[in-house]
Amino acid sequence: MTLIRFGPARVPSHDSPEEAVSLLLERGYTACEVDFEGGFWMDYAWAELFGELARQADVALSVHAPIAGFMGHAERGRKLNMAVGMLDHSAGIATACGAELVVFHPGFLLGRTREAAIDSVCEQLGELRLRLERKDRAVPFGIEVMGRVRDLGSAEDVLEIAGRCGWVRPVLDFAHMHATSDGAFTTVEPFTQVLAAADAVLDPDAPFHIHFSDIAYANRNETKHLPYGEGTLRADPLAEALAPFRRPATVIGESPDEASNQAIRAVLAGH
């Protein structure tokens, strides 16, 4: 059976590392993603203590970089420099707290072919990697599958980028894939297909990194995360699909409410 860790997409308290870890344990979580999507709120001292307490509690950490911290900019200049700075700082915090990886978004087509956009992402990631290595913060990065059907960030895009950049892992957002497939993830088979493709590009010791919640969508584009049960995405087929793999999985719940994350946690724990 695959070891499945589950936790929220937000640190449950920004007041203190002690309170944050206490709440994670109280709620039965074994993972947590640090929420920097809207900006940095944690300093290095906070991160170091949070990481130490999380390790003692056997809680796996990851970091989600700010939304603007994406690679694949069509033009070099202020926006690319800002994105590189955000990802650099995210890697610094991840190193301080011992996080498994830094999650980031793949960017946009920006009028280019898909191939040209992917080439740009990989080129800029290579430059970023050299910068991080010089600072001793070259942690693994995770590139997230996105939820808009005509933009960069499909599962195929993410797997290609991860395959070309050995230090980059695919982050499988099944809510996004459910949206862009017009609700196809209702049985075990589509989950298994995506997991098998990710398994083929991941290092042997790397866990699957998964985002999961129920989702609303229109015209094959995500619109919003839903409380669990209000849409058509369920955790049971995910749990069944994960079971045959020998690779562990970290599942991050992106539900808009705690009750939904707990419902998903219960399903995954029951398999």
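Residues numbered from 1 in each chain as written. Predicted model: local features only at pLDDT ≥ 70, side-chain atom pairs only at ≥ 80, totals over all residues. Heavy atoms only, no water.

Caption draft 1: Just the overall build of the chain, in detail. Along the chain, the regular secondary structure elements total nine helices and 10 strands. Overall size of the chain, expressed as C-alpha extent along the three principal axes, is 50 × 45 × 35 Å. Expressed as a percentage of the 271 residues in the chain, the buried residues total 55%. Across the chain, contacts joining residues at least 24 apart in sequence account for 76% of those joining residues at least 6 apart. Carbon and sulfur atoms provide 51% of the accessible area of the chain, an area that totals close to 11400 Å². For the chain, the distance from the average position of its 24 positive side-chain charges to the average position of its 39 negative side-chain charges is 5 Å. (Helix = DSSP H or I, 4+ residues; strand = E, 2+ residues; numbered from the N terminus. Buried < 20%, exposed > 50% of the residue type's maximum accessible area, 1.4 Å probe, protein only. Contact = heavy atoms within 4.5 Å. Areas by Shrake-Rupley, 256 points an atom, 1.4 Å probe, with all protein chains shown as cover. Lys, Arg positive; Asp, Glu negative; His and termini not counted. Charge placed at Lys NZ, Arg CZ, Asp CG, Glu CD.)

Caption draft 2: Summary view of the pattern of salt bridges. Enumeration according to the criterion identifies 12 salt bridges in this entry. The partner of Arg129 in a salt bridge is Glu133, with the nearest N and O atoms 3.4 Å apart. Residue Arg129 and its partner Glu133 are both found in helix α4 (residues 114-134); the two are separated by four residues, about one turn of the helix. Residue classification places Glu133 among the partly exposed positions, given a relative accessible area of 40%. (Salt bridge = Lys/Arg side-chain N within 4 Å of Asp/Glu carboxyl O.)

Caption draft 3: A look at the sheet that holds strand β6 (residues 168-173). With parallel pairing, eight strands are arranged side by side in an open sheet as β1-β10-β7-β6-β5-β4-β3-β2. Single-partner strands in this sheet number two, and they are β1 (4-8) and β2 (31-35). Recorded for the sheet is a direction-independent mean angle of 30° between the axes of neighbouring strands. The pairing of strand β4 (residues 102-104) with strand β5 (residues 141-144) spans three bridges and is classified as parallel. Within β5, the position partnered with Phe104 by the bridge is Ile143. (Pairing = 2+ DSSP bridges. Axes fitted to C-alpha atoms, helices over the stretch in contact; angles between N-to-C directions.)

Caption draft 4: Examining helix α9 (residues 258-269) more closely. Here α9 spans 16 Å end to end across 12 residues, near enough to the 16 Å set by a 1.5 Å rise per residue. Within α9, the full set of buried residues consists of Ser260, Asn261, Ile264, Val267 and Leu268. The buried residues of α9 all sit within an arc of 120° when viewed along its axis, so they share a single face. In α9, those exposed residues whose orientation departs by more than 90 degrees from the buried face are Ala259 and Ala269. Packing partners of the buried residues in α9 comprise β1, β7 (208-212), α8 (236-242) and β10 (249-253). (Expected span 1.5 Å × (residues − 1). Arc of directions from axis to C-beta.)

Caption draft 5: Examining unusual backbone geometry more closely. A positive phi is found at Asp58, a non-glycine position, where the angle reads about 60°. Looking at the element boundaries, Asp58 is found in the loop between α2 (44-56) and β3 (60-64). For Asp58, a relative accessible area of 48% corresponds to the partly exposed category. If you check the backbone angles, Asn219 has positive phi at about 55° while not being a glycine. Mapped onto the fold, Asn219 is located in the loop between β8 (214-218) and β9 (221-226).

Caption draft 6: How the structure looks around the nonpolar core. Phe50, Met71, Leu125, Phe141, Phe174, Ile210 and Phe212 are the most contacted members of the largest nonpolar core, which totals 79 residues. Counting residues per element, this core draws most heavily on helix α3 (residues 78-97), which supplies nine residues. (Core = buried A, V, L, I, M, F, W, Y, C linked by side-chain atoms within 4.5 Å.)

Caption draft 7: A look at the packing of α4 against helix α5 (residues 155-164). Their axes nearest at 10 Å, the elements α4 and α5 cross at an angle of 40°. In terms of orientation, α4 lies oblique with respect to α5. Note that α4 runs across α5; the crossing there is right-handed. Residues Arg114, Ile118, Asp119, Val121, Cys122 and Leu125 of α4 lie in contact with α5, whose contacting residues are Asp157, Glu160, Ile161 and Arg164. Class assignment for the residues of the contact of α4 with α5 results in five nonpolar, no polar and five charged. (Parallel < 35°, antiparallel > 145°, perpendicular 65-115°, else oblique. Left-handed = near helix turned anticlockwise from the far one by under 90°. Nonpolar A, V, L, I, M, F, W, Y, C, P; charged D, E, K, R; others polar.)

Caption draft 8: Summary view of the packing of aromatic side chains. Applying the stated criterion across every chain yields a total of 12 aromatic pairs. Ring plane angle 85° and centroid distance 5.2 Å describe the contact between Phe185 and Phe191, whose orientation is recorded as edge-to-face. Three or more aromatic residues link up through ring pairs in this structure, and these residues are Phe36, Phe40, Trp41, Trp46 and Phe50. A cation sits over an aromatic face here: Arg234 above Tyr228, 5.5 Å from the ring centre. Between the NZ or CZ atom of Arg247 and the centre of the ring of Phe208, over which it lies, the distance is 5.6 Å. (Phe/Tyr/Trp six-rings, centres within 6.5 Å; stacked < 30°, edge-to-face > 60°. Lys NZ or Arg CZ within 6 Å of the ring centre and 35° of its normal.)

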